Amino acid sequence: MEKELFFEKIKDKVDARFGDRAEVKRNSVVKNNGLKKEGLLVRVEESNCAPTIYMDEYYDEFIEGKLFDDIVDEICDMFEKYIVPENVDISFFQNIEEVRSLICYRLVSGEKNEEELSNMPHRYLNNLAVTYFVALEKFGIEGTIGINNAHAEFWGVTEEDLYEMAMDNTPRLFPAEVVPISKMMDSILNGMSAEEDDLYDEVIDNPSGLYVASNDKKLKGASVILYPGLLREVYESLGGAFYIIPSSIHEVIFLKDIGVMDKDEIEHIIRSVNTTCIREEDYLSDNVYYYDGDGENNVKMLEEGSRAMVL
């Protein structure tokens, strides 16, 4: 079955399952890195919000042998779990004072999001881009709203204003977690989330010098490298400079520089992982970055250290 036919048949089946209870629509969405995905929305008449489930991964599972009816059941179960039963008051989004304490940042690839970046406030950290969003959990809504140029203009704020708000809010709302990679792997293998850890008591027990850095939700966590004081604290704990390896938009890896590996070796590893293990929408960069204690957040792209931007 071709992908387009699969999408349409899924829509028809879900529509039949919900009947008069809800409206079912397809919606193509451009996600991070310019990736176009095919979404399915289910909205009940009493609500102004509709959860979206993306069908692309389900098509891949279908091609690999998963039964069509099982996929329909799974999608319907997801909608039953996340459907919004009533109107959600989103008037708060019209007032900058209501969202000021909820504005956060994330890091994305500047190269792969060039077109999208033209429509949103942003700044560059070497070839990475800092963009902004509003975290909605305070209002009982799971998810985020990306901030575009129209929002900033309506609120009367500049990109610099957004950056200052996000510098205060992001570390508070999404606290950083830095754990030895061995502990992270143990947690994954044991089916548990990584225990929040004090990196600085673990250095001696982690001779590889490899650490995974993210936030406590493991979402958009690569942005922790912007957190005030974090890189300096890691530098002091490791006793020297370290590489910053962009694992994905959700996390980075810190690798102590002990003079064993060179840039080309690390970049080869990054490219291999990015092409075989990382979803396209989660890709961040193929480059190696470096922190040598010079400034608080002076992240350098290794081969262009002289062009490093100090935040």
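For the structure itself, consult the block above.
The paragraphs below set out a description of the structure included in this document. (Residues numbered from 1 in each chain as written. Predicted model: local features only at pLDDT ≥ 70, side-chain atom pairs only at ≥ 80, totals over all residues. Heavy atoms only, no water.)

**A short note on the overall build of the protein**
The following threshold applies: Starting at the N terminus, helices and strands are each numbered in turn, a helix being any DSSP run of H or I of at least four residues and a strand any DSSP run of E of at least two. Categorising residues by exposure relies on relative accessible area from a 1.4 Å probe, with only protein chains included: less than 20% of the type maximum marks a residue as buried, more than 50% marks it as exposed, and the intermediate range marks it as partly exposed. In this description, contact between two residues means that some pair of their heavy atoms is separated by no more than 4.5 Å. The protein chains shown are the only cover counted for residues, whose accessible areas, like all others here, come from Shrake-Rupley with a 1.4 Å probe.
Looking only at helices and strands, the protein has 10 helices and 13 strands in total. Buried positions account for 44% of the 311 residues belonging to the protein. Taking the contacts inside the protein whose residues are at least 6 apart along the sequence as the reference set, 62% of them involve residues at least 24 apart. Accessible area for the protein stands at about 16100 Å²; split by element, carbon and sulfur atoms hold 49% of it.

**Some remarks on the sheet that holds strand E12 (residues 289-291)**
Heads up, the condition is: Each pair of strands is called paired provided DSSP finds at least two bridges between the two strands. Think of each axis as a best-fit line through the C-alpha atoms, taken over the contacting stretch in the case of a helix, with angles from 0 to 180 degrees between the N-to-C directions.
Read from one edge of the open sheet, six strands run E8-E9-E11-E10-E12-E13, paired in antiparallel fashion. This sheet does not close on itself; its edge strands, each paired only once, are strand E8 (176-180) and strand E13 (300-301). Two elements, strand E9 (residues 210-215) and strand E11 (residues 251-256), share four bridges in a ladder whose sense is antiparallel. Across the sheet, tyrosine 211 pairs through a bridge with phenylalanine 254, a residue of E11. Along the sheet, helix H9 (residues 230-238) makes contact with E8, E9, strand E10 (242-248), E11 and E12, crossing E10 at roughly 125 degrees.

**So, the side chain of glutamate 281**
Going by this rule: Throughout this description, a polar contact denotes any pair of N or O atoms lying within 3.5 Å of each other; where both atoms belong to protein, one of them has to be capable of donating a hydrogen while the other can accept it, and for residues adjacent in sequence the pair is counted only when both atoms sit in side chains.
Relative to the elements of secondary structure, glutamate 281 occurs in the loop between helix H10 (263-276) and E12. Of the polar contacts made by the side chain of glutamate 281, one reaches the side chain of lysine 37; its length is 2.8 Å. Once residues within four sequence positions are removed from consideration, glutamate 281 is found in contact with Lys31, Asn32, Asn33, Leu35, Lys37, Glu57 and Ile249.

**Examining helix H7 (residues 159-173)**
Residues spaced three or four apart along an α-helix face the same direction, because each turn holds 3.6 residues. Inclusion rule: Multiplying 1.5 Å by the residue count of a helix minus one yields the expected span of that helix. Bending is quantified residue by residue as the angle between axes fitted to the seven-residue window ending at that residue and the seven-residue window starting at it.
In this model H7 runs 20 Å from its N-terminal to its C-terminal C-alpha over 15 residues, within 8% of the 21 Å that 1.5 Å per residue would give. Remark: the principal bend of H7, roughly 30 degrees, maps to alanine 166. If you check which residues of H7 are buried, you get Leu162, Tyr163, Met165, Ala166, Met167, Asn169 and Thr170. Here the buried face of H7 lies against helix H4 (96-99), strand E4 (103-109), strand E5 (123-125), strand E6 (128-135) and helix H6 (149-155).

**Here's the deal with the sheet that holds strand E1 (residues 22-30)**
What the three strands build is an open sheet, ordered E1-E2-E3; its pairing is antiparallel. The two strands at the open ends of the sheet, each matched to only one other strand, are E1 and strand E3 (52-54). Geometrically, the sheet is characterised by an average inter-axis angle of 30 degrees between neighbouring strands, direction not taken into account. Here strand E2 (residues 36-44) pairs with E3 via three bridges, running antiparallel. Each bridged residue has a counterpart across the sheet, and for leucine 41 the counterpart in E3 is threonine 52. In this fold helix H1 (residues 3-18) packs onto E1 and E2, with an angle of close to 150 degrees to the strand it touches most, E1. Across the sheet, helix H3 (residues 68-82) is in contact with E2 and E3; its angle to E2 comes to roughly 55 degrees.

**Some remarks on the layout of surface pockets**
Under the convention used in this document: Detection works on a 1 Å grid of protein atoms alone, calling trapped sets that fit a 1.4 Å probe cavities and calling open sets with protein on both sides within 12 Å along at least five of seven lines pockets, with lining residues defined by an atom within 4 Å of a point. Grid points are joined across faces, edges and corners, and a volume is the space filled by probe spheres set on the points.
A volume near 260 Å³ is recorded for the second largest pocket. Elements supplying a minimum of two residues to the lining of the second largest pocket: E10, E11 and H10. The element best represented in the lining of the second largest pocket is H10, accounting for five residues.

**Description of the nonpolar core**
The test is simple: By nonpolar core we mean a set of buried residues, namely Ala, Val, Leu, Ile, Met, Phe, Trp, Tyr and Cys, connected to one another through side-chain atoms within 4.5 Å.
Of all hydrophobic cores here, the largest spans 49 residues; its most connected members are Ile103, Tyr105, Val134, Trp155, Ile225, Ile244 and Phe254. At six residues, the largest contribution of residues to this core is made by E6. Once residues lying within four places of it in the same chain are set aside, the contact partners of tryptophan 155 are Phe93, Gln94, Asn95, Ile96, Val99, Ile103, Val134 and Ile147. Counting residues in each nonpolar core, the second largest holds 22 residues, with Val42, Tyr58, Val72 and Ile83 among its members.

**With respect to the pairing of E9**
With respect to burial, E9 is a largely interior element, five of its six residues being buried. Here five bridges tie E8 to E9, and the two strands are oriented antiparallel to one another. From the neighbouring strand, glutamate 177 faces E9, where its bridge partner is serine 214.

**Re the environment of arginine 26**
Tracing the sequence through the fold places arginine 26 in strand E1. Residue arginine 26 is classed as partly exposed on the basis of its relative accessible area of 22%. Considered as a pair, arginine 26 and glutamate 8 are 18 residues apart in the sequence and their alpha carbons are 8.4 Å apart. Among all residues touching arginine 26, those that are not within four sequence positions of it are Glu4, Phe7, Glu8, Lys11, Glu38, Gly39, Leu40 and Met55. Of the polar contacts made by the side chain of arginine 26, one reaches the side chain of glutamate 4; its length is 2.8 Å.

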